[in-house]
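The lines below spell out each chain.
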Amino acid sequence: MAWVLLVVAGLLEVGWSIGMKYTDGFSRLVPSVFTGAGIVASMVLLSYAAKSLPIGTAYGVWVGIGAAGAAVLGMVVLGEPVTAARIFFVCLLLVAVVGLKATSGH
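Residues numbered from 1 in each chain as written. Predicted model: local features only at pLDDT ≥ 70, side-chain atom pairs only at ≥ 80, totals over all residues. Heavy atoms only, no water.

Looking at an unreviewed UniProt entry, the protein chain carries the name Molecular chaperone, with the source organism given as Streptomyces cellostaticus. Under the Sequence similarities (unreviewed entry) heading, UniProt states for the protein chain: "Belongs to the drug/metabolite transporter (DMT) superfamily. Small multidrug resistance (SMR) (TC 2.A.7.1) family." UniProt annotates the protein chain under Subcellular location (unreviewed entry) with the comment "Cell membrane". (UniProt positions renumbered as here; feature names shortened; annotations may be inferred.)

See below:
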């Protein structure tokens, strides 16, 4: 169950990180509320997952999901540059996430 919570927390991190783009510096109410709620929910789920997973693994996986997801959505949704190097490094992040999961002992 901890891994499910951690993946959901990571997906929420993707959501709130992309959401920050729409808050306009937290000056727009509705996107700011949703982004803030996403931040809180993501952190709460991360903390629950970290109760039974090693913190280095939990935090690393959470950051990896968030960073890779934000980079991909940035390219797909926000029109950020799509280059071979960016795609390579996103894939490298995903390999690191899988490696942390595989070596966590859980």
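Enquirer: Provide a residue-level description of the side chain of Ser 104, including the pertinent values.
Expert: Tracing the backbone through its elements, the reader meets Ser 104 in the segment after α4 (84–102). Polar contacts involving the side chain of Ser 104 include one to the main-chain carbonyl oxygen of Lys 101, which spans 3.1 Å. (Helix = DSSP H or I, 4+ residues; strand = E, 2+ residues; numbered from the N terminus. Polar contact = N/O pair within 3.5 Å; in protein donor to acceptor, adjacent residues only side chain to side chain.)

Enquirer: Mind laying out a nonpolar patch on the surface, listing which residues take part and the relevant values?
Expert: A surface patch of nonpolar side chains, amounting to about 430 Å² of accessible area, comprises Tyr 22, Val 72, Leu 73, Val 76 and Val 77. When residues in the nonpolar patch are grouped by element, the largest group, 3 residues, is from helix α3 (residues 55–76). Summarising the element assignment, Val 76 is placed in helix α3. (Patch = residues over 30% accessible without salt bridge, like charges linked within 9 Å, V, L, I, M, F, W, Y side chains within 5 Å. Areas by Shrake-Rupley, 256 points an atom, 1.4 Å probe, with all protein chains shown as cover. Salt bridge = Lys/Arg side-chain N within 4 Å of Asp/Glu carboxyl O.)

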